[in-house]
Structure formats: structure tokens, C-alpha cells
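Survey of secondary and tertiary structure
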Amino acid sequence: GAVVSQHPSRVICKSGTSVKIECRSLDFQATTMFWYRQFPKQSLMLMATSNEGSKATYEQGVEKDKFLINHASLTLSTLTVTSAHPEDSSFYICSARKDTSTDTQYFGPGTRLTVL
Amino acid sequence: GNSVTQMEGPVTLSEEAFLTINCTYTATGYPSLFWYVQYPGEGLQLLLKATKADDKGSNKGFEATYRKETTSFHLEKGSVQVSDSAVYFCALSVSGGYNKLIFGAGTRLAVHP
């Protein structure tokens, strides 16, 4: 199989605080991980692409300093939403790709972030 | 640029009805095409894929054919079940640039007994 987990599944935080979301590939090593944001009843919007051991590549319009991505190992990537505000409330989804020979991504179950 | 257009939902069907969800794309290069499904409360799951023209992807009774001439990848199922109720996303991936996925807006399917 190819299982991707996310933690936490839900988080509520106060405005101005930072929140870290973890994405793990449980039974494979992921050379590349992706972070998406999904608004209610809308599609997934790619935020950034991260490769293990290198800096993430952010999509146009995504603030690098606000959404910090770390891909320290082949099985773990983290997304930190810094100084969160209510408009950051959303569903954040990660995915992982096994290697560069495939274009199939395996998705995590998502993390619901609510900023009060 | 690269983009995916899906038919708007929601699509409401009775059990055992025939399903078609239209998907067309624009892409530079030769994309791979995907259908992902998101069941209520769950993450996206790959349903099927096709990597070149005239390929047919199939899984769980669903199928889609990569039509280069019409730039389409329509999803079909001959007889839907209540358990097929979900949101279906068409997506493409173009080689290079980390093979990132570009998604359509998603089509919600509701199947009633």
C-alpha cells in the first residue's frame, strides 16, 4: 500500500498563534511531498512542493514566511502556519510521491484548521 | 497554461443509473490524466489514471479514456451505487516541475436508493 497520515486531523487555535501540521508517509519513502489547501466545496489549490533536504517551492501568491514547510526526512514533512488569522481557516491536505519515476500522488486525510 | 474543466455538480442519480462526469483539459506537453475521489470525511483517493492517448483507466466499475483529439477524460460507470456518493476530481500532471497536479473544481455525486 501507500499510506499517508496527517496529524492533527483537527486543530483550533487563537488568532496570532502558530500551528504545525505533520504529514507522514507510513510505508514508503517520499522524495516529494505536496501541500494543498481546500476551501469548502472547492477544489484543491497547490500551495507548495517540497523535496527532502531542500527548500520548498511555493506557488504564486503563497506567502513563504507565513506557511513554513520543512521536509527533513523521506517520511516527514511539516507545514507551520505562523501568526494564524481567521482567514487561514481551511482544510490543509498533503500528498506524497514515491519517486520521480511516477506521477501518482498519495493523499493524506487532511487537517481542518480553525482560527478563532 | 494548464487547466482542467469539469462539469458542475451536484449530480443526483438513482441507484443503478448510468454515470458520466465530463472532464476536459488544456495542457502544454503530454499530460497524465487522473480521477480522484473524495468520500465524505476522507482524503482523496486515486480512482484511475491514464498516461497516454487512447489509454483507458478503470477501477471499481469506473472507467475513463484519454482522448487527445477532444482533450477529454470523461468518467463513466454503468450502474452506480449509493456507496459511490462522493466528490470526484479530474486532474492532470505534466512532466517536469515536480509533476504537480492541477485539479478541476470537483463534481459532487449523490446516489439515492
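Residues numbered from 1 in each chain as written. Chains lettered and ligands numbered in written order. Predicted model: local features only at pLDDT ≥ 70, side-chain atom pairs only at ≥ 80, totals over all residues. Heavy atoms only, no water.

On to the interface of chain A and chain B. One frequently used descriptor of interface size is the decrease in accessible area upon assembly of the parts. The interface of chain A with chain B comprises 22 residues on the first partner and 19 residues on the second. Between chain A and chain B, roughly 1,600 Å² of surface is buried when both sides are summed, and carbon and sulfur atoms account for 50% of that area. Of all residues in chain A, the largest losses of buried area upon contact with chain B belong to Ser43(A), Asp103(A) and Phe107(A), amounting jointly to 32% of the total for that side. Our count for the chain A to chain B interface comes out at one salt bridge. Notably, a salt bridge pairs Lys100(B) with Glu59(A), separated by 3.0 Å at the nearest N-O pair. Of all the secondary-structure elements, those providing two or more residues to the side of chain A that touches chain B are strand S4 (32-38), strand S5 (44-51) and strand S9 (90-97) of chain A. Take the side of chain A that touches chain B: its biggest share by element is four residues, from S5(A). Of the residues that constitute the side of chain A that touches chain B, the class distribution is eight nonpolar, 10 polar and four charged. (Contact = heavy atoms within 4.5 Å. Buried area = accessible area lost by both parts, 1.4 Å probe. Salt bridge = Lys/Arg side-chain N within 4 Å of Asp/Glu carboxyl O. Helix = DSSP H or I, 4+ residues; strand = E, 2+ residues; numbered from the N terminus. Nonpolar A, V, L, I, M, F, W, Y, C, P; charged D, E, K, R; others polar.)

Spatial relationships are all this shows, so hold off on functional conclusions.
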